[in-house]
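Chains, contacts and geometry: an overview
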Amino acid sequence: MSSSSLLSRGAPTKATSIHARPSADFAAKLEQTRALLRQAAALGAPGAVTQASSLGAEDVVITHLINALALDIPVFVLETGALHTETLALLERTQAHSRAPIVVYRPEFDAVIQFIRRNGQDAMYKSIELRKACCHIRKMEPLARALAGKQGWITGLRREQSNARADVPQIDTAEVANKGLTKFNPLADWTLGDVWHYIAENGVDYNPLHDQFFPSIGCAPCTRAIALGEDFRAGRWWWEDEAAKECGLHVKN
């Protein structure tokens, strides 16, 4: 049943009801993902590989798998100081119930204050340069601290998410030479239906904004709900050209 049919019949707009549609080979994908997470955990000493979680649908699936497999993989969250209250509440619940440690990194307070003082609270809407400068302060600098001394990191990137991510490999070694980091993308070939099928089948806690048509959730000023039929990432930096819609976390130098 399509999402439009669900809405027209007055059915609950739970993201699980709308999106949970597993691929025919979902079981094989799941086993491959488990194997990749075990491989990541075996890279270096315990804790040498960490999961980067935005607390989005893909990331809560990965954290659930890490906990279910009892892997020595810590999880970190970039608390940018501009997240939705729903995201912050999910962060608290995740910290309370996760076996894997959840480490929170925040931007340097003085850098945020100085940026706002110079450019205003709504600087991200004024130019791509200012928006990216905000992303650097709130995300990129804390990310560097989160990955310091690590040998690898795990992300929720999927090829289906955008044209910029269409070639995402399951194991990305592009940063090994200059940063010493292997990047694992265990959901690279999962569909949106696969992600929500796993959430529904395993009762995984997720951000309630997903039920309000927020498929991709970042900072509150830079995220909106999307209309039925819009692109998955249409609600991120919607005032910018499609080619600019990355904050830098997953852009190769």
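What counts and what doesn't
Residues numbered from 1 in each chain as written. Predicted model: local features only at pLDDT ≥ 70, side-chain atom pairs only at ≥ 80, totals over all residues. Heavy atoms only, no water. UniProt positions renumbered as here; feature names shortened; annotations may be inferred. pLDDT = per-residue confidence, 0-100. Contact = heavy atoms within 4.5 Å. Helix = DSSP H or I, 4+ residues; strand = E, 2+ residues; numbered from the N terminus. Expected span 1.5 Å × (residues − 1). Buried < 20%, exposed > 50% of the residue type's maximum accessible area, 1.4 Å probe, protein only. Arc of directions from axis to C-beta. Salt bridge = Lys/Arg side-chain N within 4 Å of Asp/Glu carboxyl O. Core = buried A, V, L, I, M, F, W, Y, C linked by side-chain atoms within 4.5 Å. Pairing = 2+ DSSP bridges. Axes fitted to C-alpha atoms, helices over the stretch in contact; angles between N-to-C directions.

Within an unreviewed UniProt entry, the label attached to the protein chain reads Adenosine 5'-phosphosulfate reductase, and the organism entered is Giesbergeria sinuosa. According to its UniProt record, the protein chain has this under Function (unreviewed entry): "Catalyzes the formation of sulfite from adenosine 5'-phosphosulfate (APS) using thioredoxin as an electron donor." What the UniProt record of the protein chain gives under Subcellular location (unreviewed entry) is the line "Cytoplasm".

Below, the discussion takes up the confidence of the model for the protein chain. Mean pLDDT over the protein chain works out to 90, with 89% of the residues at or above the 70 mark. Low pLDDT, under 50, characterises residues 1-11; the predicted model gives this stretch twelve contacts beyond four residues in sequence or across chains.

Bringing helix α3 (residues 26-41) into the picture now. For α3, which comprises 16 residues, the first-to-last C-alpha distance of 23 Å matches the rise-based estimate of 22 Å (1.5 Å per residue) to within 8%. Listing the buried residues of α3 in full gives F26, K29, L30, T33, L36, L37 and A40. Buried positions in α3, seen along its axis, are confined to an arc of 125° and lie on one side of it. Residues A27 and A28 are exposed on α3 and point more than 90 degrees away from its buried face.

All right, on to the environment of V60 then. Position of V60 relative to the elements: it lies in helix α4 (residues 57-68). With 144 residues separating them in the primary sequence, V60 and V204 have C-alpha atoms 7.2 Å apart. When neighbours within four sequence positions are excluded, V60 is seen to be in contact with L55, L90, I199, V204, D205 and Y206.

Let's shift gears to the pattern of salt bridges. Under the defined criterion, the tally for this structure stands at 14 salt bridges. Residue K14 pairs with D211 through a salt bridge whose shortest N-O separation is 3.3 Å. Highlighted residues: K14 in the loop between α1 (3-8) and α2 (15-19) and D211 in the segment after α9 (192-202), separated in sequence by 197 residues. For K14, a relative accessible area of 37% corresponds to the partly exposed category. One salt bridge connects D194 with K29, and the closest N-O pair in it is separated by 2.8 Å.

Take the nonpolar core next. As a rule of thumb, nonpolar side chains are buried together in soluble globular proteins. Ranked by size, the top nonpolar core spans 34 residues in total, and within it V61, I154, W190, Y198 and I199 carry the most contacts. Elements that contribute at least two residues to this core include exactly α3, α4, β2 (75-78), α5 (85-97), β3 (102-105) and α9. Excluding residues that lie within four positions of it along the chain, I199 makes contacts with T16, A57, V60, V61, V204 and Y206. Core analysis: the next-biggest nonpolar cluster, separate from the first, contains nine residues, M124, C134, I137 and C222 among them.

Strand order across the open sheet formed by six strands is β3-β2-β1-β4-β6-β5, with mixed pairing between neighbours. Where the open sheet ends on each side, the last strands, each with one partner, are β3 and β5 (171-172). Bridging between strand β4 (residues 152-154) and strand β6 (residues 182-184) involves three bridges; their strand directions are parallel. Among the inter-strand pairings, I154 is bridged to a residue of β6, identified as F184. Across the sheet, α5 is in contact with β2 and β3; its angle to β3 comes to roughly 145°.

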